[in-house]
Amino acid sequence: MTKKPIILTGDRPTGKLHIGHFVGSLRNRVELQNTGDYEPFIMIADMQALTDNARDPEKIRNSLFQVALDYLAVGIDPTKSTIFVQSQIPALNELTMIYMNLVSVARLERNPTVKHEIQQKSFKESVPAGFLTYPVSQAADITAFKATVVPVGDDQEPMLEQTREIVRSFNSAYHTDILVEPKGYFPPKGEGRIPGLDGNAKMSKSLNNCIYLSDDAETIKKKVMSMYTDPNHIHVEDPGQVEGNTVFTYLDIFADDKAKVQELKDQYTRGGLGDVKIKLYLNEVLQNILTPIRERREKFEQDPAKVYQILKEGSKKANQVAEKTLQEVRDAMGINYFN
Ligand code: TRP
């Protein structure tokens, strides 16, 4: 039997996951998992979450459970994917220290995603060293499993580039080929990112413009009915704008009946179609997708012991794989004095 390509991906546990995560990467992961053509590892990146939440470990602890529920709810299946917890895999930290010496500070400071986050989080002068270097730890996450496929959102491309550079530096510095270069696996163009309910380019917890996978039916409806549309579309008979209209952006992403969406768009553009109608249709589309997810989530939520058992078993398996890679890394470097 030939070995299946390995998938490694994950999320920082800083809150519940929302439909932005769903279209950005969760959907892809479940699809890849269900092909049976890969060996997937899905990691809850609590160490990375601590790089900007060092003083709030309680939040990370709570979110870890919430993210695990979200994973199981969307269909990540522990019999097909190994779900594990980053902090329980000591080899990742050791690999990070080793890789750190192969990356310059200037290179870390050029990472566009990290740069953007630093501005957003207003660390000002006091960016934690752990935060600046998290792309190195992410390279450890990916290479420890020799993953070649990394399903993530577009904002993670700089981390993959950094990982490939580290792989090349390592292999060339220590005359080996044990580390492998990963590729990102991104959602189709235009489908990987959804705007917030308020029309902001990004759906994000801090902007308070999300629909969570755990939201109940009533909350979803309330949120949909409050969505940003076309501010100049005041009377039903007015011609409306489809472009930049968040409701239509969501319909493009979530509705299967493309012909119906096109019909609504035409009618909206001509005038004579009210916002309430398109919102009610979007509500129906979203409820159809989110109801089974929420129901699965509630079932797991009632059995925390089972959820932690899944994480524990996954972490045990992940630990063995990462440990093996670490031994190979130590051997390649000759820091294996007592073997
Ligand atoms: N940086 C990712 C995020 O912000 C989480 C993450 C950590 C990750 N390590 C990873 C993603 C390795 C893919 C591969 O969500």
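All of these numbers come straight from a predicted model, not from anything done at the bench.

1. Considerations on helix α12 (residues 258-270)
- Taking 1.5 Å per residue, 13 residues should reach 18 Å; α12 reaches 18 Å between its end C-alpha atoms and fits that length.
- Those residues of α12 not exposed but buried are V261, L264, K265 and Y268. The arc that holds the buried residues of α12, viewed along the axis, is 100°, so those residues lie on one side. With respect to the buried face of α12, the exposed residues turned more than 90 degrees away are A259, E263 and R270.
- On the buried face of α12, the contacting elements are α11 (246-254) and α13 (275-301).
- In the stretch just after α12, G271 is the one whose phi turns positive, near 105°.

2. Some details on helix α10 (residues 217-225)
- Along α10, the residues that are buried comprise I220, K223 and V224. Seen end-on, α10 carries its buried residues on one side only, within an arc spanning 100°. Of the exposed residues in α10, the ones pointing more than 90 degrees away from its buried face are E218 and K222.
- Buried residues belonging to α10 abut α13.

3. Things to note about the site of the ligand
- Lining the immediate surroundings of the ligand are 14 residues, of which M43, Q48, Q138, D141 and Q156 lie closest.
- Side-chain polar atom of Q138 to a nitrogen atom of the ligand: 3.1 Å apart, as the coordinates give it.
- Assessed atom by atom at 2 Å from the grid points, the ligand resides in the largest pocket.
- Listing elements by their share of the shell around the ligand, those giving two or more residues are β1 (6-11) and α8 (134-144).
- Residue classes in the shell around the ligand are distributed as 6 nonpolar, 5 polar and 3 charged.

4. Some details on the pattern of salt bridges
- Enumeration according to the criterion identifies 16 salt bridges in this entry.
- Between R107 and E165 there is a salt bridge, and its shortest N-O distance comes to 2.8 Å. Of this pair, R107 sits in helix α5 (residues 105-110) while E165 sits in helix α9 (residues 157-173), placing them 58 residues apart in sequence.
- Classification of E165 as partly exposed rests on a relative accessible area of 26%.
- Here E161 makes a salt bridge to R164, at a shortest N to O gap of 2.9 Å. Here R164 and E161 lie together in helix α9, a separation of 3 residues that amounts to about one turn.

5. Concerning the packing of aromatic side chains
- All told, the structure shown has 11 aromatic pairs when counted by the stated rule.
- Between Y99 and F170, the aromatic rings sit 6.2 Å apart at their centres with planes inclined by 75°, giving edge-to-face as the arrangement. In this pair, Y99 is assigned in helix α4 (residues 90-100) and F170 in helix α9, connecting sequence segments 71 residues apart. Accessibility assignment for this pair places Y99 and F170 in one class, buried.
- With centroids separated by 5.1 Å and ring planes inclined at 70°, the aromatic side chains of F248 and Y268 adopt a geometry described as edge-to-face. You can see F248 sitting in helix α11 and its partner Y268 sitting in helix α12, a full 20 residues away along the chain.
- The structure contains a cluster of three or more aromatic residues connected by ring pairs, namely F41, F84 and F145.
- Seen from the ring of Y134, R12 lies directly overhead, with NZ or CZ sitting 4.6 Å from the centre.
- When the ring centre of Y281 is taken as reference, the NZ or CZ atom of K260 above it lies at 4.1 Å.

What counts as what
Residues numbered from 1 in each chain as written. Predicted model: local features only at pLDDT ≥ 70, side-chain atom pairs only at ≥ 80, totals over all residues. Heavy atoms only, no water. Helix = DSSP H or I, 4+ residues; strand = E, 2+ residues; numbered from the N terminus. Expected span 1.5 Å × (residues − 1). Buried < 20%, exposed > 50% of the residue type's maximum accessible area, 1.4 Å probe, protein only. Arc of directions from axis to C-beta. Contact = heavy atoms within 4.5 Å. Near = heavy atom within 4 Å. Polar contact = N/O pair within 3.5 Å; in protein donor to acceptor, adjacent residues only side chain to side chain. 1 Å grid on protein atoms, 1.4 Å probe; cavity = no way out; pocket = protein on both sides within 12 Å on 5 of 7 lines; lining within 4 Å. Sits in = over half its atoms within 2 Å of the grid points. Nonpolar A, V, L, I, M, F, W, Y, C, P; charged D, E, K, R; others polar. Salt bridge = Lys/Arg side-chain N within 4 Å of Asp/Glu carboxyl O. Phe/Tyr/Trp six-rings, centres within 6.5 Å; stacked < 30°, edge-to-face > 60°. Lys NZ or Arg CZ within 6 Å of the ring centre and 35° of its normal.

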